[in-house]
Amino acid sequence: MSDQAVLHVKGRVLVGADDVRDELWVVGGRISYERPGARDIRTVEGWALPGLVDAHCHVGLDAHGPVPDDVSEKQALTDREAGTLLIRDAGSPSDTRWIDDRADLPKIIRAGRHIARTRRYIRNYAHEIEPDDLVAYVAQEARRGDGWVKLVGDWIDRETGDLSACWPREAAAAAIAEAHRLGARVTAHCFAEDSLRDLVEAGIDCVEHATGLTEETIPLFASRGVAIVPTLVNIATFPQLAAGGETKFPRWSAHMRALHERRYDTVRAAYDAGVPVYVGTDAGGSLAHGLVAGEVAELVTAGIPPVEALSATAWGARRWLGRPGLDEGAPADLVVYEGDPRADVRVLAAPRRVVLNGRVVG
C-alpha cells in the first residue's frame, strides 16, 4: 500500500467491548471514522481490535542475558506477527531504543533494567545491589525507562532453600516513593507470599506473576488498586523448574509445585475481588515470543469472562498503559480477525491482517 493510499477496514470494528462500528478508515497512518475523498483505497474485512498488548515481555533478552540487535528484531517481529503491537518491556539489559525509529516494529514501553538483590536473580539479567543502593538505582532506571521501573521482589534464598523477599520494607518504600516522585510506576517480580504485603503497603503499582496471593493479601491489592500480570504461560513451567531443583532445593521445589497447582484459583480470586488483571507472557527469558493468544486463553481457563480477558490485552490494557486504542486520530495499530474474538478468544491465535502505523505489515 502506498503512503497516499487509504485503508478501509470494514465488517465489525471493536472500539470497545460494547462499542462496535461498521467501518473505519486509515488516512495518513491514523484512524478516522469519516469517509475520505480518496480514490486509492484498499479494503480489509473482518473483526478489528486495537493492536494487542503484552504487558510483560522482554525484547533484547534471552535465557543467558542480553542479545544482539538482530535477535531483538526477530523477537519484536514474532510478537508483531502474533498481533502484539504494544509491549511493556518488563526489564531488559539491552538498549532497544533503536526500535522506536522502526515504524514496522511494535511500540515498546520500557521499565529499564531489572533491579535485584545481589546473587538473588538470573545471572546477566539485572543490576544486583544491596538495599542501601536501591533508591539510587530506582532513580536511574526511572530516568532511563518509559514510566516504569522493575524490581525483583523475591527469589530463592540459597541459605533457606526457598523463596523469600529480597527487600526490607523501608528500603522498598523509599525507592517506590522516589520512582513516583520522578513520574514512574513500579512493578515487581513476585512468586512467593511473603513479599507481597510489604510491597503493596509501600505503594507499588503492579506485581508480576503474583502466584503467592492469598485470602489475606487479595483484599489489600483490591483496595489499593494494585494490578497483577499473572503470566500463566510462564507459570505453566513451574513443575519443570521444580523437578530440576528437587535434589538441591526440595523446599523450593515443593513450594513451586504448590503455587502452580493453585494458579487458576489464585487468578480467579483476584479478579473476583476487583484486582485489575492484564495480559503478559514473560517472553524473552526462557519463553518464546508471540504467546499473547495463549495467555488470553489461559485467563479464560482461570475463570475470567472472555470479554474481560480480551480487554486485558486490548481496551483495558491500553487505558492502563496510557496508550490509545481505535480512537479518532490515533495511530492506526490494529489487528483483523476472521471471527468475533469476544465469542471465542482462540480467534486471536490466527490474525488475518496486522496493521501498524497505518500500514499492513502482516
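A few points on the structure.

What counts, and at which threshold
Residues numbered from 1 in each chain as written. Predicted model: local features only at pLDDT ≥ 70, side-chain atom pairs only at ≥ 80, totals over all residues. Heavy atoms only, no water. Axes fitted to C-alpha atoms, helices over the stretch in contact; angles between N-to-C directions. Helix = DSSP H or I, 4+ residues; strand = E, 2+ residues; numbered from the N terminus. Parallel < 35°, antiparallel > 145°, perpendicular 65-115°, else oblique. Left-handed = near helix turned anticlockwise from the far one by under 90°. Contact = heavy atoms within 4.5 Å. Nonpolar A, V, L, I, M, F, W, Y, C, P; charged D, E, K, R; others polar. Buried < 20%, exposed > 50% of the residue type's maximum accessible area, 1.4 Å probe, protein only. Pairing = 2+ DSSP bridges. Phe/Tyr/Trp six-rings, centres within 6.5 Å; stacked < 30°, edge-to-face > 60°. Lys NZ or Arg CZ within 6 Å of the ring centre and 35° of its normal.

### Some thoughts on the packing of helix H2 (residues 134–144) against helix H3 (residues 169–181)
Part 1 of the argument: Where H2 meets H3, the closest approach of the two axes is 9 Å, and the angle between their N-to-C directions is 25°. Looking at the two axes, H2 sits roughly parallel to H3. Seen along the crossing, H2 lies across H3 with a hand that is right-handed. Note on element contacts: H3 touches H2 through Ala171, Ala172, Ala174, Ala175, Glu178, Ala179 and Arg181, opposite Leu134, Val135, Val138, Ala139 and Arg143.
Part 2 of the argument: Of the residues belonging to the contact of H2 with H3, the class tally is nine nonpolar, no polar and three charged.

### Let's talk about the environment of Trp315
Part 1 of the argument: You can see Trp315 is positioned in helix H12 (residues 315–321).
Part 2 of the argument: For Trp315, a relative accessible area of 6% gives the class buried.
Part 3 of the argument: Taking the C-alpha atoms as reference, Trp315 lies 6.3 Å from Gly325; in sequence the two are ten residues apart.

### Observations regarding the pairing of strand S1 (residues 6–14)
Part 1 of the argument: Pairing of S1 with strand S4 (residues 41–50), which is carried by eight bridges, proceeds in the parallel orientation. Along S4, the bridge assignment pairs His8 with Thr43.
Part 2 of the argument: Sheet topology places S1 next to strand S2 (residues 20–27); six bridges connect them, and they run antiparallel. Bridging across to S2, Lys10 finds its partner in Glu23.
Part 3 of the argument: In sequence, S1 turns back onto S2 through a hairpin of five residues.

### As for the pairing of strand S12 (residues 148–152)
Part 1 of the argument: Of all five residues in S12, five are buried; the element is thus mostly enclosed.
Part 2 of the argument: By the bridge criterion, five bridges tie S12 to strand S15 (residues 185–190) in an arrangement that is parallel. Bridged to Trp148 within S15 is Arg185.

### Thoughts on unusual backbone geometry
Part 1 of the argument: We note that Ala210 has phi near 55°; this positive angle belongs to a residue other than glycine.
Part 2 of the argument: Note on placement: Ala210 falls in the loop between strand S16 (206–209) and helix H5 (218–224).
Part 3 of the argument: For Ala210, a relative accessible area of 1% puts it in the buried group.
Part 4 of the argument: The backbone phi angle of Asn357 is positive, close to 50°, even though this residue is not glycine.
Part 5 of the argument: With respect to the element layout, Asn357 can be found in the loop between strand S19 (353–356) and strand S20 (359–360).

### Side note on the packing of aromatic side chains
Part 1 of the argument: By the definition in use, this model includes six aromatic pairs.
Part 2 of the argument: Here Tyr121 and Trp155 contribute two aromatic rings whose centre-to-centre distance is 4.8 Å and whose plane-to-plane angle is 75°, an arrangement assigned as edge-to-face. Residue Tyr121 is found in the loop between strand S10 (115–117) and strand S11 (127–129), and its partner Trp155 is found in strand S13 (residues 154–157); the two are separated by 34 residues along the sequence. Just as Tyr121 is buried, Trp155 falls in that class too.
Part 3 of the argument: Pairwise contacts between aromatic rings join Tyr121, Tyr125, Trp155, Phe191 and Phe238 into one cluster.
Part 4 of the argument: Just above the ring of Trp148 sits the side chain of Arg88; from NZ or CZ to the centre is 4.6 Å.
Part 5 of the argument: The ring of Tyr264 carries Arg263 above its face, with NZ or CZ at 4.2 Å from the centroid.

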